[in-house]
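# Notes for the structure review
The primary structure of each chain is shown beneath.
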Amino acid sequence: MDSKKRSSTEAEGSKERGLVHIWQAGSFPITPERLPGWGGKTVLQAALGVKHGVLLTEDGEVYSFGTLPWRSGPVEICPSSPILENALVGQYVITVATGSFHSGAVTDNGVAYMWGENSAGQCAVANQQYVPEPNPVSIADSEASPLLAVRILQLACGEEHTLALSISREIWAWGTGCQLGLITTAFPVTKPQKVEHLAGRVVLQVACGAFHSLALVQCLPSQDLKPVPERCNQCSQLLITMTDKEDHVIISDSHCCPLGVTLTESQAENHASTALSPSTETLDRQEEVFENTLVANDQSVATELNAVSAQITSSDAMSSQQNVMGTTEISSARNIPSYPDTQAVNEYLRKLSDHSVREDSEHGEKPMPSQPLLEEAIPNLHSPPTTSTSALNSLVVSCASAVGVRVAATYEAGALSLKKVMNFYSTTPCETGAQAGSSAIGPEGLKDSREEQVKQESMQGKKSSSLVDIREEETEGGSRRLSLPGLLSQVSPRLLRKAARVKTRTVVLTPTYSGEADALLPSLRTEVWTWGKGKEGQLGHGDVLPRLQPLCVKCLDGKEVIHLEAGGYHSLALTAKSQVYSWGSNTFGQLGHSDFPTTVPRLAKISSENGVWSIAAGRDYSLFLVDTEDFQPGLYYSGRQDPTEGDNLPENHSGSKTPVLLSCSKLGYISRVTAGKDSYLALVDKNIMGYIASLHELATTERRFYSKLSDIKSQILRPLLSLENLGTTTTVQLLQEVASRFSKLCYLIGQHGASLSSFLHGVKEARSLVILKHSSLFLDSYTEYCTSITNFLVMGGFQLLAKPAIDFLNKNQELLQDLSEVNDENTQLMEILNTLFFLPIRRLHNYAKVLLKLATCFEVASPEYQKLQDSSSCYECLALHLGRKRKEAEYTLGFWKTFPGKMTDSLRKPERRLLCESSNRALSLQHAGRFSVNWFILFNDALVHAQFSTHHVFPLATLWAEPLSEEAGGVNGLKITTPEEQFTLISSTPQEKTKWLRAISQAVDQALRGMSDLPPYGSGSSVQRQEPPISRSAKYTFYKDPRLKDATYDGRWLSGKPHGRGVLKWPDGKMYSGMFRNGLEDGYGEYRIPNKAMNKEDHYVGHWKEGKMCGQGVYSYASGEVFEGCFQDNMRHGHGLLRSGKLTSSSPSMFIGQWVMDKKAGYGVFDDITRGEKYMGMWQDDVCQGNGVVVTQFGLYYEGNFHLNKMMGNGVLLSEDDTIYEGEFSDDWTLSGKDNSGLIEQVGKCSLLPYFLKVCEALVLFLL
């Protein structure tokens, strides 16, 4: 176990960490109690149940304390001090959890252990009331082959159930109740089962209330979102509709199936029997589950106001049924609408008050879940696809803005009461028996008959005061609608058409998956899913209905929830922006606010100045750890308060208690809080040598920094980018790049803030800080953002924006001043904007300062000290570097403003920076004319030579600068070499010469290294600069050389000339790839020349010398000919082989022999396949000249002299019949002489025509 312990080099004072302090809920003593009997071991985590608790120490041991009725001995049932769980000795436990009366632990090898009360199977043991000792839970994935044990990361325990989060980010559940999220009605579940509804999703955390469950789930990537079907799979009704009436518009963006639930095809068959034959016990329990809701549904609604109220409060069936189907929430539904009639308002508030009193009176009752409940008889509640309704929301917002009133979205799913839903899923005992005995009704027929029955009953009970025409509801069924009555008649059809068009954002301010950062840091793209009992609204769906399966809380989408806590009957969600959303029971003010209804998440009002970074939820109270000015966490308590203590405590207008700041500053730095039923516990660290304080400073400032960046993004960037006219295309692109980089950096900071909050809950080892281990993430993000904002500044910055954008910024100048922390009211708008968007650079100095503070807490010789010291220097170095980049950008902007004109406009680029120019540094061109004007401007990527109205740009990557020696007569001269020019610059003084030489050399070196002069990550000091290399790789386009004009070379260079391997491309398509020497092709290379007439190309592969083909090579012509042999001066010269065409072509032939100056000369063999003959002999100037032999494939043989490809003079002719002729041949193919066979003797001339006719005849036969 030594490897699990802290290193000896850890900061001093490690033994003063994890101190346990405990309070009694409802009372606020000045000094809390120390846990009785607890020694000095450092506690990393604690968990509290109703009357017991567990502690996890830094060495992986688990201790239990409180009332432990499952223990065997009387001493152990109520121990005076925490007792060690011996069954876990030898195991290293990494996390613990407690339910109301049971406990769990997870070891480092992923095994879950459970012990305590097991009456509902919550310890995963069958037929056993108590589990006295930690017992390993066997969790195996039956879908895997072979069967594999599931490793667990985290446990969460409720009153009668347990959830486990596996290493593969799946949820496993056991115990009793609908809060398991399983498709089953057989309870208790003692064998862990997977929650299939969230299979395939990445679950980040689970939390359990008494009888409900929460899960934090990572959002799906956009490409994984499934398209929304047009119609419901069950009732075939339209899912999205819009109806334009005379006095109102009805918009439906979601659908509530009359069946109340949706079963998939496979599940409908499996669970039809469950829905057909529920037990009598189930029916009895149903009335108890819906006890609250039926009261509200039985009341008649007499006025239109009451109808609206019923819809918005979400306390009746109308507003809750759409949540059964998982329909999308719209944020405006959370706001209580304004009513013109004061009496109506009072009546509305009175009804809300009466309703809340009824709810409060039932909070203290403990449910009896030993028997199956209604939700257990309704398996597989279907959740909707997670899709966006932004187009519909924009339509509603546009309509609302047009009529000039704040319109609340009203949802109506028909007057289908919960009693009807209950009757739909259950029948009377006699009906049950009748249906069970009948086999003729299938699942589809049952669905259709029930759907029609429920629809008819709902229409009979419809109230006439509904905002929506009853005839429309009859045709639309149970769909949810947005009804905008009355004033919508003023909205023009053009506005509605415009609003209905989907607007695509030009830049996404929420970054996509960022790879390494998302793998190392907590994700902020999260969703909250809830299921279980919802009697107090603790599920957050706007109703009090139970959920059998996980359902997404849509109104928390985009809130960046990073942690969940579940109390007895309420829920808390902590966001990356240090805000808390709460919902559920608010009887004692445990939600931290008094807003109504409490069935949907609302923002808790804890502290107006400080953000919350850690939360805990007890049975009827909540705890909030907040950031303070001195970085010592403050603890707020909200919830049940003892009467004696609560009389003097502040109250809000509704009568519920406000959160109370506890006095615990003397305790130390609270790192973690845990809540139970009647007590809550805090783990405290002492600040020895400032180590703990420095960690809290880093975390607090990072969370505050993220909040500021989020405000800038939401209040400035997003509204600015939504404007129609921002300026020119270039301006918009630059601003979008700034917004994109800003958003990426903002997201990284948010992730880091969440990571630091988790870090403070753990061991707090400095070497585990992400900012140390993965510093490149931060350095790269800050550098990228600084590059984008300086590029924007160089091109003119915010001054380039069009008038609508400038007007928007002027209207919000006070906000900009507040965000940028500029106190001077006389500061110009542009200065404020520059200060605001360069704020992130200042954060790097804070990183360096805090890391240096942490380093001082370690010994100088320790590796932690060295690592912290180096990282501090690295961040400080980057801060200084980016500060220089800002000054360079401002200097360049000033230059463009000072020298306006066409030349500067053509030279102006976002990434280009001015380094120096010769107007303020005397520099002249040697041998320049008397009246010539030469202006030299050095940028970070080029040297510009300007003369009057003309200028030329010399890229630095292909520029060489060297000082002239005194012997050469250039005392103050600089020799500048470029690929096509060479000139000398004369400076006024040696000092100026040195400055220019240094500036040019540094600029060239920077250009070659990729536009960055930042030293390598991890080096604390700047790197000594080296002279730019003489040999380098670069790309250049020629403009002057006639042979290479407009050609582009990419490869190695040496002192201004291509030298080494490279690629040269001409605009007409010619290309050479190979070796160069002194600017010319030399060595082995490949050359391609396109032939436009034949739509093919000539291709040469071989050796070159001084820019010409020379040596062995292969030349493939566009005509199909191929020459393999020797070349010289771009011509065929020496021995070679020329193939003309192929055997199937019209004129195939082959020549092997000598070549001279691209012509056949000397001995060679020519094989004419078309004529069927072969010539072997001498050649000259591409023709047969001299002695030679001709052989045909048909038996003719000729040997003699040739002249200009013709047989001339003495020769021998041998025919196929062995006839031999010796004599002279003339150029008209006649012969004179003697036939050696003796058969022919004549004097004179004998024609060879018969022989050639015979040859032709044989050739034809051969071809056929």
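Note: the structure precedes this text.
To start, this report covers the structure provided alongside it. (Residues numbered from 1 in each chain as written. Predicted model: local features only at pLDDT ≥ 70, side-chain atom pairs only at ≥ 80, totals over all residues. Heavy atoms only, no water.)

### Remarks on the sheet that holds strand E17 (residues 203-208)
Pairing in this open sheet of four strands is antiparallel, and the strands run E17-E18-E22-E23 from one edge to the other. The sheet terminates laterally at E17 and strand E23 (547-552), the two strands that pair on one side only. Looking at each pair of strands side by side, their axes are set apart by 15° on average, direction ignored. Examined bridge by bridge, strand E18 (residues 212-218) and strand E22 (residues 526-532) share seven bridges and lie antiparallel to one another. Residue pairing in the sheet places Val 217 in a bridge with Glu 527 of E22. (Pairing = 2+ DSSP bridges. Helix = DSSP H or I, 4+ residues; strand = E, 2+ residues; numbered from the N terminus. Axes fitted to C-alpha atoms, helices over the stretch in contact; angles between N-to-C directions.)

### Some points on helix H24 (residues 839-855)
Taking 1.5 Å as the rise per residue, H24 with 17 residues should run 24 Å; its terminal C-alpha atoms sit 26 Å apart, in good agreement. Listed in full, the buried residues belonging to H24 are Leu 839, Pro 840, Ile 841, Arg 843, Leu 844, Tyr 847, Ala 848, Val 850, Leu 851, Leu 854 and Ala 855. (Expected span 1.5 Å × (residues − 1). Buried < 20%, exposed > 50% of the residue type's maximum accessible area, 1.4 Å probe, protein only.)

### Concerning the pattern of salt bridges
This model, assessed by the stated rule, comprises 41 salt bridges. The salt bridge partner of Arg 912 is Asp 941, with a shortest N-O separation of 3.0 Å. With Arg 912 in the loop between helix H26 (902-907) and strand E34 (914-917) and Asp 941 in the loop between strand E36 (935-939) and strand E37 (942-947), this pair connects stretches of sequence that are 29 residues apart. We classify Asp 941 as partly exposed; its relative accessible area is 22%. A salt bridge links Arg 1139 to Glu 1124, with the shortest nitrogen-to-oxygen separation between them at 2.8 Å. Of this pair, Arg 1139 sits in strand E50 (residues 1131-1140) while Glu 1124 sits in strand E49 (residues 1122-1128), placing them 15 residues apart in sequence. (Salt bridge = Lys/Arg side-chain N within 4 Å of Asp/Glu carboxyl O.)

### Some details on a negative patch on the surface
Residues Glu 814, Asp 818, Asp 824, Glu 825 and Glu 831 make up a contiguous surface patch of negative charge. Its place among the elements puts Glu 831 in helix H23 (residues 829-837). (Patch = residues over 30% accessible without salt bridge, like charges linked within 9 Å, V, L, I, M, F, W, Y side chains within 5 Å. Areas by Shrake-Rupley, 256 points an atom, 1.4 Å probe, with all protein chains shown as cover. Lys, Arg positive; Asp, Glu negative; His and termini not counted. Charge placed at Lys NZ, Arg CZ, Asp CG, Glu CD.)

### Some remarks on the sheet that holds strand E41 (residues 982-987)
With antiparallel pairing, four strands are arranged side by side in an open sheet as E35-E41-E40-E39. Each of the sheet's edge strands pairs with one partner strand only, and the pair in question is strand E35 (923-925) and strand E39 (960-963). The sheet shows a mean angle of 30° between the axes of neighbouring strands, taken without regard to direction. One ladder, built from four bridges, connects E39 with strand E40 (residues 973-977); its direction is antiparallel. Following the sheet pairing, Pro 963 is matched in E40 by Leu 974. Strand contacts of helix H27 (residues 990-1008): E35, E39, E40 and E41, with the helix running at about 25° to E40, the strand carrying the most contacts. (Contact = heavy atoms within 4.5 Å.)

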